[in-house]
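# Examination of the molecular architecture
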Amino acid sequence: MKVAVLGAGAIGAYVGAALHRAGAEVHLIARGPHLAAMRRHGVRVRSPRGDFTAHPHATDDPAEVGPVDYVFLGLKANAYAACGPLIAPLLHDTTAVVAAQNGIPWWYFHRHGGPWDGHRIESVDPDGAVSAVLAPERAVGCVVYAATELEGPGIVRHLEGTRFSVGEPDRSRSARCLDFGEAMREGGLKCPVEPDLRNDIWLKLLGNISFNPISALARATMRQMCLHGGTRRVIEIMMTETLAVAEALGCEVGVSIERRLAGAERVGDHRTSTLQDLERGKPLELDVLLAAVVELAEITGVEVPTLRTVHAISDLLALRSAA
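Residues numbered from 1 in each chain as written. Predicted model: local features only at pLDDT ≥ 70, side-chain atom pairs only at ≥ 80, totals over all residues. Heavy atoms only, no water.

## A few points about helix α9 (residues 257-267)
- Where α9 is concerned, the buried positions are I257, L261 and A264. Taken around the axis of α9, the buried residues stretch over an arc of 60°, which confines them to a single face. Turned more than 90 degrees off the buried face of α9, the exposed positions are R259 and R266. (Buried < 20%, exposed > 50% of the residue type's maximum accessible area, 1.4 Å probe, protein only. Helix = DSSP H or I, 4+ residues; strand = E, 2+ residues; numbered from the N terminus. Arc of directions from axis to C-beta.)

## Remarks on the packing of aromatic side chains
- Within this structure, the stated rule accounts for four aromatic pairs.
- With a centroid separation of 5.3 Å and an interplanar angle of 40°, the aromatic rings of Y70 and F180 are classed as tilted. A residue pair is termed long-range when its members are at least 10 positions apart, and Y70 in strand β6 (residues 70-73) and F180 in helix α5 (residues 175-186) qualify at 110 residues.
- Judged by centre distance (5.7 Å) and plane angle (85°), the ring pair of Y80 and W106 falls under edge-to-face. Of this pair, Y80 sits in the loop between β6 and α3 (84-87) while W106 sits in the loop between β7 (96-100) and α4 (129-133); the two residues are 26 residues apart in sequence, bridging distant segments of the chain.
- According to the relative accessible area criterion, W106 is buried, its value standing at 6%.
- What links up through ring pairs into an aromatic cluster is the set Y108, F109 and W116.
- Just above the ring of F52 sits the side chain of R21; from NZ or CZ to the centre is 3.8 Å.
- Taking the ring centre of Y108 as reference, the NZ or CZ of R198 above it sits at 5.4 Å. (Phe/Tyr/Trp six-rings, centres within 6.5 Å; stacked < 30°, edge-to-face > 60°. Lys NZ or Arg CZ within 6 Å of the ring centre and 35° of its normal.)

Interpretation in functional terms is not warranted from these geometric data alone.
In structure tokens:
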């Protein structure tokens with residue numbers, strides 16, 4: 001199996017190191033000091049499950065890698081539309097793109113069935129710009145339950161979780177999903193092939209849609225948000241509205257809001273990826289979280305006043321931080 005990790009940041013490098021340890025041919029595509037450190041010292045993983053170092057090939061030039069069986073997409077969703085020149089050299093006719101993104105993916109209604117089959121979500125695929133670069137037919141969905149962060153160039157701190165759920169848009173148990181899942185398991189990660197990954201998407205989104213923007217607005221950690229009474233109540237309302245949209249689209253999350261909050265509190269003083277991006281001056285990945293769900297609420301006729309309010313304020317934050 002030949003795998004390219006496009007955007008080998010904390011999650012991408014962690015997955016690449018695990019797959020390399022399992023015997024896959026892995027190519028990490030990154031840049032800057034992080035790339036230089038991985039070339040020199042490998043990917044150094046610091047984990048409560050045991051530290052290890054892997055030495056997959058690392059480059060900033062996808063043409064050096066050539067076509068692969070799988071592209072594990074570790075980029076932020078807001079970078080997808082512009083990644084064409086990077087991903088094109090990695091593709092052959094059957095290359096699968098495993099998109100490890102938060103929020104609503106651009107392929108969400110691809111082979112969905114029902115009244116919205118094939119519908120394009122403008123907030124995540126504006127004017128079809130993402131689909132033009134990443135054909136939905138290539139997409140293998142991936143919901144990441146692991147928490148990692150870059151402790152330094154080439155050093156990945158694994159905080160918790162090893163589950164990377166995958167699934168096909170048409171809900172089939174395809175050979176490409178099964179093979180990828182097996183390689184991930186051989187590398188020490190959990191990678192179930194889900195019968196309908198959209199349920200997992202909404203489960204993960206339940207936390208991301210609330211904790212991520214609020215953490216950036218309040219500069220707060222997971223624990224701080226959970227322990228502050230007023231903030232906790234706002235998050236509960238956001239989650240309730242999100243569940244209503246999911247249910248209108250036929251999805252079942254299967255976890256209570258209280259249980260989701262309890263799990264977030266146990267994470268402790270972890271900073272969400274949105275807060276980390278804000279602190280580092282990077283673009284905020286909010287369209288696939290908030291804007292997409294507000295758009296889905298419109299087509300399903302679900303009222304989401306709190307989501308709309310938080311979206312308006314966090315959108316201003318995103319614009320100001322990008323200025």
